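Architecture and fold: a report
Given next are the chains, with one letter for each unit.
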Amino acid sequence: MNISTIVSNLKDLILEVRAPYDLEITGVSNHSSKVKKGDLFICRKGEKFDSHEIIPEVIEKGAVAVVVEKEIDLDFPHIQVFDSRYFEAKVASLFFDEPWKDVLTFGVTGTNGKTTTTVMIYHMLTSLGEKGSVLTTAVKRILENSYYDDITTPDAITILSAMKENKEGGGKFFALEVSSHALVQKRVEGVRFDVGIFTNISRDHLDFHGTFENYLKAKLHLFDLLKDDGIAILNESLADTFNRKSRKITFGTSKNADYRLGNIEVNWEGTRFVLETPDGLLRVFTKAIGDFNAYNAAAAIAALHQLGYDPKDLASSLETFTGVEGRFEVVRGAKKIGLNVVVDFAHSPDALEKLLKNVRKISQGRVIVVFGAGGNSDRGKRPMMSEVASKLADVVILTTDDPRGEDPEQIMEDLIKGIDKRKPYLVLFDRREAIETALTIANRGDSVVIAGRGHERYQIIDEEKKVPFQDREVVEEIIRDKLKGRKYAQ
């Protein structure tokens, strides 16, 4: 691809071109560590770092041209644009030959359930013999290749590159979890979706969006990115917010829902429910535990049914779906010490409430919850989470989550504001100690819930420091030592 191709396709996004039109571009990058010879490097001004400042470095690494969004005194091929992030999404789509055009694309957003719903779609399609890829917070798999990072929705270049790899490898579909941050930061502007799913909405990320209205608006933007014949699948509670031309399909429990859930039953083995579809009743079972997973499954089934898949085949494939790492993940080894232990990603008041209600519903003994709150994020939700925990758990243990540079003492003060002081609670800053304490004070038959971090493998202390820490692994280590009859070594 050369500069001329970029200009002719994206001229409405460009302010000025100071580069030879026949200059050949062999790659696109936005991070200095990824620059290769022949790249077009895209400069962006972020909250903490402005990559315009490292132009000399990327030139030295082999970039043949740069994209800027402000006037610079530079005697080097460059393109000035109105919005670097938007331009990045569009030029990445152009460079990677718009791979979304030739595969089924799914975009899933919502406060809760994004990851599980996206992975359910991937599971059902692959169970039915289809070949494809999935990118979510917890599961990243491009055809046969899996990898891990802690990003929910990657940048536009990563997404479009993965889509092209999927297409060239014979993939027929691509399922993508889409965060509100990604929608605001234009990471998916270069993609068009066959199906967009909006699972639900409740308070979260107001530190970023400012208001709940802005948060909702960001989520709804997913439906602006549908293909001309795209389908919008959304929770019936959101039906009135939808004012697009696309076909709208709803799921929920009322008689007005296109896919109506009923008779939801949850136990430690999984979740059963009846789904009334346009083609009749469907009995569904999944090993993923929680009534919220019935809703996730309904959304996923609705999406694929609307594309022509047999709902009975979809229900059959879900029987082998065991859930997603860190989402109501039952630590099976805990049964050896007589406990039920659940690790979950819940980090908003609504998610924590749904989690604890489900655990309470299927537990015989007490419910003990361990959780904290992420640093440099919505402070207003912290006391709300503690209030929920005090109301629904028998014992609350407040601990550290990912401080991300914020003072853990301040985070804890915010959490304590919501605690019901008449009920048992502990404050233990060391997360490992908090988990061990919960497992120690629990009696046989009790349930211990460890919330907030789910699948995450590192605890982020600040910008410079992150330490290996995965809740499930810590639980398993403590259980092994308890079975050996000795205290866990600190």
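As the structure is a prediction and not an experimental result, all values here were calculated from the model.

1. As for helix α12 (residues 381-392)
- Helix length check: α12, at 12 residues, gives a terminal C-alpha distance of 17 Å against a target of 16 Å (1.5 Å per residue), a fit within 8%.
- Considered for burial, the residues of α12 that qualify are K381, R382, M385, S386, V388, A389, S390 and L392.
- Buried residues belonging to α12 abut α11 (349-362), β19 (367-371), β20 (395-398) and α13 (408-416).

2. Some points on the domain arrangement of the protein
- In terms of domains, the protein is made up of domain 1 (3-91), domain 2 (99-319) and domain 3 (329-489).
- Here the C-alpha centre of domain 3 lies 28 Å away from the C-alpha centre of domain 2.
- The interface is formed by 20 residues belonging to domain 2 together with 28 residues belonging to domain 3.
- Between domain 2 and domain 3, the buried area comes to about 1,900 Å², and carbon and sulfur atoms account for 56% of it.

3. Notes on the UniProt feature "domain: Mur ligase C-terminal" (unreviewed entry) in the protein
- In the UniProt entry, the feature "domain: Mur ligase C-terminal" (unreviewed entry) is given for residues 326-454.
- Within residues 326-454, the helical portion is 36% and the strand portion 19%, while the C-alpha atoms at the span's ends are 4 Å from each other.

4. A closer look at the environment of K482
- Looking at the secondary structure, you find K482 in helix α15 (residues 471-483).
- Under the relative-accessibility criterion, K482 is labelled partly exposed at 29%.
- Each C-alpha atom, one on K482 and one on V388, is 30 Å from the other, the two residues being 94 residues apart in sequence.
- For K482, the contacting residues outside a window of four places in its chain are I337, L439 and T440.
- Side chain to side chain, K482 and T440 meet in a polar contact 3.0 Å long.

5. A word on the pattern of salt bridges
- Scanning the model with the defined rule gives 32 salt bridges in all.
- Across the pair R141 and E144 runs a salt bridge, and its minimum N-O distance is 3.4 Å.
- Judged by its relative accessible area of 59%, E144 falls in the exposed class.
- One salt bridge connects R472 with E325, and the closest N-O pair in it is separated by 3.1 Å. Linking R472 in helix α15 with E325 in the loop between α10 (311-318) and β17 (329-330), this pair joins segments that are 147 residues apart in sequence.
- Judged by its relative accessible area of 18%, R472 is buried.

6. Some words on the sheet that holds strand β8 (residues 140-142)
- On the basis of which strands lie adjacent, the open sheet formed by 11 strands has the order β9-β8-β7-β10-β6-β11-β12-β13-β14-β15-β16 and mixed pairing. Looking along the sheet, the strands with just one partner apiece sit at the ends: β9 (145-147) and β16 (280-286). Averaged over all adjacent pairs, the angle separating strand axes in this sheet is 20°, with direction ignored.
- Pairing analysis gives four bridges linking strand β7 (residues 132-135) to strand β10 (residues 173-177), with the strands arranged parallel. In the strand pairing of β10, L135 is matched with L176.
- Those strands touched by helix α4 (residues 114-127) are β6 (104-109), β7, β8, β10 and β11 (193-198), and its axis lies near 165° from that of β10.

7. Re the sheet that holds β17
- The mixed open sheet is built from six strands, whose spatial order is β17-β18-β22-β19-β20-β21. In this open sheet, the two edge strands, each paired with only one partner strand, are β17 and β21 (425-427).
- Where β19 meets β20, four bridges bridge the pair, whose relative direction is parallel. Across the sheet, the residue bridging to V370 is I397, located in β20.
- Taken strand by strand, α12 contacts β19 and β20, and its axis lies near 165° from that of β19.
- Along the sheet face, α15 touches β17, β18 (340-344) and β22 (447-451) and points at about 155° away from the line of β18.

8. Observations concerning the UniProt feature "modified residue: N6-carboxylysine" (unreviewed entry) in the protein
- Mapped onto this numbering, the UniProt entry annotates "modified residue: N6-carboxylysine" (unreviewed entry) at K219.
- Structurally, K219 can be placed in helix α8 (residues 212-220).
- Owing to a relative accessible area of 1%, K219 belongs among the buried residues under this scheme.
- Those residues in contact with K219, other than ones at most four positions away along the chain, are T109, G110, T111, K114, V178, S179, S180, L183, F198 and I201.
- Of the polar contacts made by the side chain of K219, one reaches the backbone oxygen of G110; its length is 3.0 Å.

9. Quick word on empty space enclosed by the protein
- Tallied over the entire structure, the rule returns one cavity of 30 Å³ or more.
- For the largest cavity, the calculated volume is near 40 Å³.
- Along the walls of the largest cavity sit A373, T399, T400, D401, P408, I411 and M412, which together make up its complete lining.
- By residue class, the composition of the lining of the largest cavity is four nonpolar, two polar and one charged.

Cut-offs applied
- Residues numbered from 1 in each chain as written.
- Predicted model: local features only at pLDDT ≥ 70, side-chain atom pairs only at ≥ 80, totals over all residues.
- Heavy atoms only, no water.
- Helix = DSSP H or I, 4+ residues; strand = E, 2+ residues; numbered from the N terminus.
- Expected span 1.5 Å × (residues − 1).
- Buried < 20%, exposed > 50% of the residue type's maximum accessible area, 1.4 Å probe, protein only.
- Contact = heavy atoms within 4.5 Å.
- Domains from an automatic or database assignment.
- Buried area = accessible area lost by both parts, 1.4 Å probe.
- UniProt positions renumbered as here; feature names shortened; annotations may be inferred.
- Polar contact = N/O pair within 3.5 Å; in protein donor to acceptor, adjacent residues only side chain to side chain.
- Salt bridge = Lys/Arg side-chain N within 4 Å of Asp/Glu carboxyl O.
- Pairing = 2+ DSSP bridges.
- Axes fitted to C-alpha atoms, helices over the stretch in contact; angles between N-to-C directions.
- 1 Å grid on protein atoms, 1.4 Å probe; cavity = no way out; pocket = protein on both sides within 12 Å on 5 of 7 lines; lining within 4 Å.
- Points joined across faces, edges and corners; volume = space filled by probe spheres on them.
- Nonpolar A, V, L, I, M, F, W, Y, C, P; charged D, E, K, R; others polar.

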